[in-house]
Amino acid sequence: MFDLIVKNANLPDGRTGMDIAVRDGRIEAVDRAIAGKAGNIVDAAGNLVSPPFVDSHFHMDATLSYGLPRVNQSGTLLEGIQLWGALKPSLTVDAIRRRAEKLCHWAIARGTLVIRSHVDVCDSRLLAVEALLDIREQFKKIIDLQLVAFPQDGALRSPGAMENLTRALDMGVDVIGGIPHFERTMDQGTESIRQLCELAAERSLMVDMHCDESDDPWSRHIEILAFHTQRLGLHGRVTGSHLTSMHSMDNYYVSKLLALMAEARVHAVANPLINITLQGRHDTYPKRRGLTRVKEMLAAGINVAFGHDCVMDPWYSFGSHDMLEVAHMGLHVAQMTGTEEIRQMFEAVTINGARALGLEGYGLEPGCRADMVVLQAGDIHEAIRLRPARLFVIRRGRVVASTPRVVSRVELGGNGVEVDFRHRK
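Remember, it's a predicted structure, so these values are computed and weren't measured experimentally.

Parameters at a glance
Residues numbered from 1 in each chain as written. Predicted model: local features only at pLDDT ≥ 70, side-chain atom pairs only at ≥ 80, totals over all residues. Heavy atoms only, no water. Helix = DSSP H or I, 4+ residues; strand = E, 2+ residues; numbered from the N terminus. Rg over C-alpha atoms; globule rule 2.2 N^0.38 Å. Areas by Shrake-Rupley, 256 points an atom, 1.4 Å probe, with all protein chains shown as cover. Lys, Arg positive; Asp, Glu negative; His and termini not counted. Charge placed at Lys NZ, Arg CZ, Asp CG, Glu CD. UniProt positions renumbered as here; feature names shortened; annotations may be inferred. Pairing = 2+ DSSP bridges. Axes fitted to C-alpha atoms, helices over the stretch in contact; angles between N-to-C directions. Domains from an automatic or database assignment. Buried area = accessible area lost by both parts, 1.4 Å probe. Salt bridge = Lys/Arg side-chain N within 4 Å of Asp/Glu carboxyl O. Buried < 20%, exposed > 50% of the residue type's maximum accessible area, 1.4 Å probe, protein only. Contact = heavy atoms within 4.5 Å.

A. Geometry of the overall build of the protein. Along the backbone of the protein there are 13 helices and 18 strands. A globule of 425 residues ought to have a C-alpha radius of gyration of about 22 Å, and the protein, at 22 Å, matches this closely. When its C-alpha atoms are laid out on the principal axes, the protein stretches across 65 × 50 × 45 Å. For the protein, the exposed surface amounts to about 17400 Å²; the carbon and sulfur share of it is 52%. Taken together, the 48 basic and 52 acidic charged side chains of the protein have centroids lying 3 Å from each other.

Right under this line is the structure:
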């Protein structure tokens, strides 16, 4: 007897009318018309079933703090950093924990069951680290939460940041972060990458750095990150996040850079909602888009994932932690509207993110963990277009969230018509 069978599912790879059978928290079979009884039956009814969404870059310590201590009047990156600095002295473990808990509820409802969150370690009290370690433990049965020790004010620029970062790792933080472009000089940025990568090699940890989040084409720390990844044998364990300066670099240099990144197997994480909002602020027209070279990196064989980055915090006053909204923005800004490109945009918030985070057992094949989302959409194109309701969110074979089918009723002279915005041929 199975614990669960999901019936009549459409899969992201195009297969339709499939059943997914689950036993002991794992997918045991994926086939048509699976025979056998189950403790629970979920009828996907011809809707898309996806592995859970992955947010590869987020700041859970700052989330839902919009308006504290005041609203970001300019909407800029630098004012957001100033506001976060002003807020830090009044932070408490309980306040951070409460906001993060609420965000996790939103994430589960949206089918986002994998999150990598950067956590600021430049406050020597490490309150945010303590709070998010608690959240990781509280939600571990539902959400895979990775924490990145992130020196927001610069690993070398901020007094005590390297010591705090090491303490955070000792407390159980998973990944080493950095922000080389925010150090006082390019040379200090380069030195911070060397020290942080060597620490990662010493501790056998992954690296995820905010790298070149700038419009400056000479902010080229991703090259240094790829070099030290190669030098220290960290292939596949290093991520460069944001990489927005690449949209301003000349094509000749980028052709060299892409080869270096691919050779080192450096993952790239773009944050379309935030990058398009915060970058290009000094431009009049022509105005740069702000997003890194998603299409070119994918063509070069680089694993590209997307993050939400912010939800209602000092940098971004919008969002509900919907990774399909992220994919939707990424598709438009990166001009990824070809058939294969649409698939790549869906993968940027699913399997590519799982790959960047080193997540094992992710997917919809036999042997994978029974984590999945039933969406009110027929395929991935429709899912990105509609950002539809998550009818069922399943974790280890158990339904952890559900939403009734969403329809509108249009009244036309006494005749009612149901509208769900789907276009069935």
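B. Broad picture of the UniProt feature "domain: Amidohydrolase" (unreviewed entry) in the protein. Those residues carrying the UniProt feature "domain: Amidohydrolase" (unreviewed entry) are residues 41–400 in this numbering. As annotated, residues 41–400 comprises 39% helix and 18% strand, and the C-alpha atoms at either end are separated by 14 Å.

C. The arrangement of the pairing of strand 16 (residues 398–402) in detail. In this structure, strand 15 (residues 390–395) lies alongside strand 16, joined through four bridges in antiparallel fashion. Paired with F392 across the strands is S402, a residue of strand 16. Here strand 15 hands over to strand 16 after two residues, with R396 in that stretch at a positive phi of 55 degrees.

D. Region of the structure containing unusual backbone geometry. Residue L68 is joined to P69 through a cis peptide bond whose omega torsion reads -10 degrees. Assignment of secondary structure puts P69 in the loop between strand 6 (53–58) and helix 1 (77–87). The omega torsion of the bond from Y285 to P286 falls at 0 degrees, within 30 degrees of zero and hence cis. Phi is positive for N8, which is not a glycine, with a value near 55 degrees.

E. Quick peek at the sheet that holds strand 4 (residues 38–43). Taken in spatial order, the four strands line up as 3-2-1-4 in an open sheet, and their pairing is mixed. Since the sheet does not close on itself, it has two edges, and those belong to strand 3 (26–31) and strand 4, each with one partner. Averaged over all pairs of adjacent strands, the angle between strand axes in this sheet comes to 20 degrees, irrespective of strand direction. Bridging between strand 2 (residues 18–23) and strand 3 involves five bridges; their strand directions are antiparallel. Looking across to strand 3, one finds that R23 is bridged to R26.

F. The arrangement of the domain arrangement of the protein in detail. What the domain assignment reports for the protein is domain 1 (2–51 + 363–409) and domain 2 (53–357). Across the interface of domain 1 and domain 2, roughly 1700 Å² is buried in total on both sides, 67% from carbon and sulfur atoms. It is I384, R390 and R395 in domain 1 that bury the most area against domain 2; as a group they hold 39% of the surface buried on that side. Linking domain 1 with domain 2 are three salt bridges, by the criterion used here.

G. Expanded view of the pairing of strand 17 (residues 408–412). Looking at chain direction, strand 17 and strand 18 (residues 415–419) are connected through five bridges and run antiparallel. Bridge assignment links S408 to a residue of strand 18, and that residue is V419. What sits between the antiparallel neighbours strand 17 and strand 18 is a turn of two residues, in which G413 has the positive phi angle 60 degrees.

H. Expanded view of the side chain of R293. By the secondary structure assignment, R293 is in the loop between helix 8 (272–278) and helix 9 (294–299). There is no salt bridge for the buried R293, and the closest opposite charge comes from E296, which lies 4.7 Å off by N-O distance. Those residues in contact with R293 that lie beyond four places of it in its chain are M246, H247, M249, D250, N251 and V254.

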